[in-house]
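Structural description and commentary
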Amino acid sequence: MRLMKEKDVNDITVKELVLKAGVSRSTFYRYYAQPMDVLRDYLQPFNDNNAHLDDEEDKKVYLRRFYQYYTSHSELIYALVQANKTEFLRETIYSHILEVFTAMMTNKGISSFLQKASVGLCVEILIVWIINDRKEKIEEMTDTVHNMVSVIERVS
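What this report covers is the structure whose coordinates are included nearby. Please read all numbers here as calculations on a predicted model, not as lab measurements. Going along each chain's sequence as written, the residues are numbered from 1 onward. A pLDDT threshold of at least 70 governs which residues receive local features in this predicted model, and a stricter bar of 80 or more applies before side-chain atom pairs are shown or counted, although totals over entire chains, interfaces and linings include all residues. To get the side-chain values, all heavy atoms of the structure are used, and hydrogens and water are removed first.

1. Quick word on the overall build of the protein
What counts, and what does not: Helix numbers and strand numbers start at the N terminus; a helix is a DSSP run of H or I with at least 4 residues, a strand a run of E with at least 2. The buried label applies to any residue whose accessible area, calculated with a 1.4 Å probe on protein chains only, is under 20% of its type's maximum; exposed applies above 50%, and partly exposed to all values in between. For the accessible areas, the method is Shrake-Rupley and the probe is 1.4 Å, while residue cover comes only from the protein chains on display.
Counting its regular elements, the protein contains nine helices and zero strands. Traced from its N-terminal end to its C-terminal end, the protein shows the element sequence α-α-α-α-α-α-α-α-α. Along the longest, intermediate and shortest principal axes, the C-alpha atoms of the protein span 50 × 35 × 25 Å. Burial analysis of the protein (156 residues in total) assigns 40% to the buried set. Here the protein displays about 8800 Å² of accessible surface, and carbon together with sulfur accounts for 51% of that area.

What follows is the structure in structure tokens.
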């Protein structure tokens, strides 16, 4: 974030990153190929047994934690939107949610198309919510998205 405040995210170099982080270039390249990979890794939320969501309450708990996690990173998300990195943001968050929800939705017989539509909905709502200064409470967001995804599941 400090570097993003100083310059465009596209202009941040590996040299600048390693100097700010206090690590060597070889350490950086051991884990990442390019600077944007650091952000991709940073935006991957909690990964503790979420892939085994079995019921509606599990899904709702996950959604609440999802919004809480990304709220704590709203400054970064807003900065990425301002830097025209919205597509990067969408892809990064989308891949994680899809990974989490796929098993549960597949077990319910929900088509791949509707799974992806549900996940896309979650991501778009998150981005718009953050851009609009998170006026709604996390609990409201959780309920809204949970209800919308439930409607999509019923359609299937």
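2. Quick word on the layout of surface pockets
The criterion, for reference: Using a grid of 1 Å spacing that covers the protein atoms alone, one calls a set of points a cavity when a 1.4 Å probe fits there but cannot get out, and a pocket when the set is open and has protein on both sides within 12 Å along at least five of seven lines; lining residues are those with an atom within 4 Å of a point. Grid points are joined across faces, edges and corners, and a volume is the space filled by probe spheres set on the points. Residue classes follow a fixed rule: Ala, Val, Leu, Ile, Met, Phe, Trp, Tyr, Cys and Pro count as nonpolar, while Asp, Glu, Lys and Arg count as charged, and any other residue, Gly among them, counts as polar.
Its boundaries defined by the atoms lining it, the largest pocket holds a volume of some 430 Å³. Met1, Arg2, Leu17, Val38 and Leu39 are, among the 19 residues lining the largest pocket, the residues nearest its centre. Elements represented by at least two residues in the lining of the largest pocket include exactly α1 (2–6), α2 (14–21), α4 (35–42) and α6 (74–82). By residue number, the principal contributor to the lining of the largest pocket is α4, which donates five residues. Considered class by class, the residues forming the lining of the largest pocket number 13 nonpolar, three polar and three charged.

3. Quick look at the environment of valine 123
The condition is simple: Contacts were defined at the residue level, with two residues in contact if any of their heavy atoms lie within 4.5 Å.
Position of valine 123 relative to the elements: it lies in helix α8 (residues 112–131). Classification of valine 123 as buried rests on a relative accessible area of 2%. Remark: the alpha-carbon pair of valine 123 and leucine 89, spanning 34 residues in sequence, is separated by 8.9 Å. In this view, valine 123 contacts Arg90, Ile93, Tyr94 and Ile97; residues no more than four positions away in its chain are not counted.

4. Overview of the pattern of salt bridges
What counts here: We define a salt bridge as a side-chain nitrogen of Lys or Arg found within 4 Å of a carboxyl oxygen belonging to Asp or Glu.
Enumeration over the complete set of coordinates arrives at eight salt bridges. Notably, a salt bridge pairs glutamate 75 with lysine 5, separated by 3.0 Å at the nearest N-O pair. Highlighted residues: glutamate 75 in helix α6 and lysine 5 in helix α1, separated in sequence by 70 residues. With a relative accessible area of 59%, lysine 5 lands in the exposed category. For glutamate 139, the salt bridge is made with arginine 64, and the minimal N-O distance between the two is 2.9 Å. With a gap of 75 residues between them, glutamate 139 in helix α9 (residues 138–155) and arginine 64 in helix α5 (residues 56–71) connect regions that are remote in the sequence. Several salt bridges share partner residues, and in doing so they unite Glu87, Arg90 and Glu124 into one network.

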